[in-house]
Amino acid sequence: MKFLVLVLAFLSASAFSQQDPKEGVEVQRSRLLLLPASTVERSAGQQYGQLMRAASEKGLLNRDPQQVERLRRIARELETHAVRFNKNAEKWHWEVNLISSKSVNAFCMPGGKIAFFTGIIDQLHLTDDEIATIMGHEIGHALLEHGRARMSEQVLKSIGITALSIFFNLGQISHEILAQAANLAVSLPYARGQETDADLVGMELAARSGHDPRAAVSVWQKMSRLAQAGGKGGRGQPPQFLSTHPSHESRIRDIEANLPKVMPLYSRTKK
Ligand SMILES: [Zn+2]
């Protein structure tokens, strides 16, 4: 079983190569992608739909048309460049919604299902460039299929069947198990390497769409100031975003070290 998983993981692993190796960031593709992308995206789409319906019933969905339009405009700009990191993104049915909540949070589920909470925009006083780097980071997780990898792991854990039966007999995986895995895929922190890669993709998407990638630095500075202040308005809790995106010491340093790879892309949009 272990051997089989290793073999499958090896077969599905491949380093991502840029079209032009001289510019842009370098990131790793996900491994252990046992669940087909279509299954993962369908399940995530259903979870997202449920969440948005629940928000709508409580009167918390898209209450500020101006902010919704702002988020959707930035998303359209970033989406244009998404295929560079995942060619399937061309077929995604992107969605962007704004939930009225003090929670300092944002996410993008597999397949391009994006949600921002008003708390992250209001408490961090986000500029368009900062929204672009946060959204780009979240889209980065989806493009690099971190959620798909996690869902594959969760399904393996929760049903304990062999990798082969997952691979060849997906019909046996119940809707509930997939739904649970989809939820866990956005509610647990990702590995540090995945976080770094999502930062890099976010910076490149932002830069290519004319948003200053240096905003990734100010976002994390604002985030850590808010955490130190005890997440004002968040009942003394640290920002929710930090529970799934730990702000480790070297994060800002890594971002700064990679700026030279994306600044030329940004400068080009300003000519
Ligand atoms: Zn992240």
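So, here is what we can say about the structure in this document. (Residues numbered from 1 in each chain as written. Predicted model: local features only at pLDDT ≥ 70, side-chain atom pairs only at ≥ 80, totals over all residues. Heavy atoms only, no water.)

### Examining the nonpolar core
Step number 1: By size, the foremost hydrophobic cluster in this structure holds 51 residues, and its most contacted members are Ile114, Phe116, Ile120, Met135, Ile139, Leu143 and Met223.
Step number 2: The biggest single contributor to this core is helix α5 (residues 128-143), with 7 residues.
Step number 3: Residues within four places of Ile120 in sequence aside, it is in contact with Ser103, Val104, Asn105, Ala106, His125, Leu126, Ile134, Met223 and Phe241.
Step number 4: With 9 residues, the next largest nonpolar core counts Met52, Ile99, Met109 and Phe117 among its residues. (Core = buried A, V, L, I, M, F, W, Y, C linked by side-chain atoms within 4.5 Å. Buried < 20%, exposed > 50% of the residue type's maximum accessible area, 1.4 Å probe, protein only. Helix = DSSP H or I, 4+ residues; strand = E, 2+ residues; numbered from the N terminus. Contact = heavy atoms within 4.5 Å.)

### Observations regarding empty space enclosed by the protein
Step number 1: By the definition in use, this model includes 2 cavities of 30 Å³ or more.
Step number 2: Together, Thr133, Ile134, His137, Asp199, Gly202, Met203, Ala216, Val219, Trp220, Phe241 and Ile255 line the largest cavity.
Step number 3: In this structure, the second largest cavity spans a volume of roughly 50 Å³.
Step number 4: Around the second largest cavity, the lining residues are Val40, Glu41, Trp92, Pro110, Gly111, His141, Ala142, Glu145, His146, Gly147 and Arg148.
Step number 5: Contributions of two or more residues to the lining of the second largest cavity are made by α2 (37-57), α5 and α6 (146-159).
Step number 6: Broken down by element, the lining of the second largest cavity gets its largest block of residues, 3 residues, from α6.
Step number 7: Of the residues assigned to the lining of the second largest cavity, the class counts are 4 nonpolar, 4 polar and 3 charged. (1 Å grid on protein atoms, 1.4 Å probe; cavity = no way out; pocket = protein on both sides within 12 Å on 5 of 7 lines; lining within 4 Å. Points joined across faces, edges and corners; volume = space filled by probe spheres on them. Nonpolar A, V, L, I, M, F, W, Y, C, P; charged D, E, K, R; others polar.)

### Focus: α2
Along an α-helix, a turn takes 3.6 residues, which lines up residues three or four apart on a common side.
Step number 1: Helix length check: α2 (21 residues) gives 30 Å between terminal C-alpha atoms against 30 Å at 1.5 Å per residue, within 8%.
Step number 2: Three or more residues of α2 are buried, namely Ala37, Thr39, Val40, Ser43, Ala44, Gln47, Tyr48, Gly49, Met52 and Ala55.
Step number 3: Where α2 terminates, the next one or two residues include Gly59, which has phi positive at roughly 75 degrees. (Expected span 1.5 Å × (residues − 1).)

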